Amino acid sequence: MTTNDGGSGGVLPFLGKGQATFASLASPLSINGQPYTLVDSIASLATAVAANPGGYYALANDYDARVGGVYTASPIPEVFDGTFEGLGNTISHLRVRDRVKFDAVGLFAELGEHGAVNGLRLSGVDLLGGDGNAIGGIVGGDSAHGECDGSLVNDSVSGTIHGLGGFLAGGGLAGCVDAIAYSSSSATVYAKRAEFIGGLAGGGGGSPAHTLPAQ
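Residues numbered from 1 in each chain as written. Predicted model: local features only at pLDDT ≥ 70, side-chain atom pairs only at ≥ 80, totals over all residues. Heavy atoms only, no water.

Draft legend 1. Spotlight on the side chain of Asn154. Locating Asn154 in the fold gives a position in the loop between strand 14 (151-153) and strand 15 (156-163). Apart from the residues within four sequence positions on either side, Asn154 is in contact with Leu12, Pro13, Phe14, Leu15, Gly119, Leu120, Ala181, Tyr182 and Ser183. (Helix = DSSP H or I, 4+ residues; strand = E, 2+ residues; numbered from the N terminus. Contact = heavy atoms within 4.5 Å.)

Draft legend 2. Examining the state of the cysteines more closely. For the structure on display, the rule yields one disulfide. A sulfur-sulfur distance of 1.3 Å marks the disulfide that ties Cys148 to Cys176. Measuring the twist about the S-S bond at about 45°, one finds the Cys148-Cys176 disulfide to be right-handed. One end of the pair, Cys148, is in the loop between strand 13 (133-136) and strand 14; the other, Cys176, is in strand 17 (residues 174-176), and 28 residues separate them in sequence. The pair formed by Cys148 and Cys176 is uniform in burial state, with each residue classed as buried. (Disulfide = S-S within 2.5 Å. Buried < 20%, exposed > 50% of the residue type's maximum accessible area, 1.4 Å probe, protein only.)

Draft legend 3. Seen up close, the environment of Ile42. Examined against the element boundaries, Ile42 turns out to sit in helix 1 (residues 42-51). On the basis of relative accessible area, Ile42 is assigned to the buried category, the value being 2%. Distance in space between the C-alpha atoms of Ile42 and Pro75 is 7.1 Å, their sequence separation being 33 residues. In contact with Ile42, other than residues within four places in its own chain, are Tyr63, Ala65, Tyr71, Pro75, Ile76, Ile91, Leu94 and Leu107.

Draft legend 4. Spotlight on the layout of surface pockets. In this structure, the largest pocket encloses a volume near 260 Å³. Around the largest pocket sit 14 residues that line it, and Gly10, Asn32, Tyr36, Glu85 and Asn118 are the ones nearest its centre. Residues that form the lining of the largest pocket fall into these classes: six nonpolar, seven polar and one charged. (1 Å grid on protein atoms, 1.4 Å probe; cavity = no way out; pocket = protein on both sides within 12 Å on 5 of 7 lines; lining within 4 Å. Points joined across faces, edges and corners; volume = space filled by probe spheres on them. Nonpolar A, V, L, I, M, F, W, Y, C, P; charged D, E, K, R; others polar.)

Now the structure itself:
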């Protein structure tokens, strides 16, 4: 796949019900000349990121997270500084119950400066975080230290995101992230109190997130 062929930059959008799927994880995938490793579950993504937090990964198919049970912490606890392409595929029914104070809660705990999650759909998330943390469907974030890094492009989230006592930053897509583009959330986000809270993201770089036009 090549975005903006003949030019530079560009994004790889998946609109409506569009998605790219693979019958085998051994299939080759290259986006703009960069090889990607295919994963087919949260567990396989977590294993890959643990081995190389700066790698390039892509979701091969839709995945129902109910098979993994209820997580007691973010499934990807490392600071992710690579690129994860959802390819328009959906992770459904992700459930996290993290009652530890100040933990970052989301599919990814935190994104690094170069971390990116693109073209991912989260459906029916059910996240609960302890007091004082950053919480969001795709990424929690390190709002406590003002280091809200990474980007989310062409992503969507639905479901419920709940802070037990309150959180520093909470949003449908992210608690704290640097930039968002062409993304949406219909998730319900609530807590008894919050420093920063938003439909898409609570904060970015220690302040309300820099949000590009959403759709």
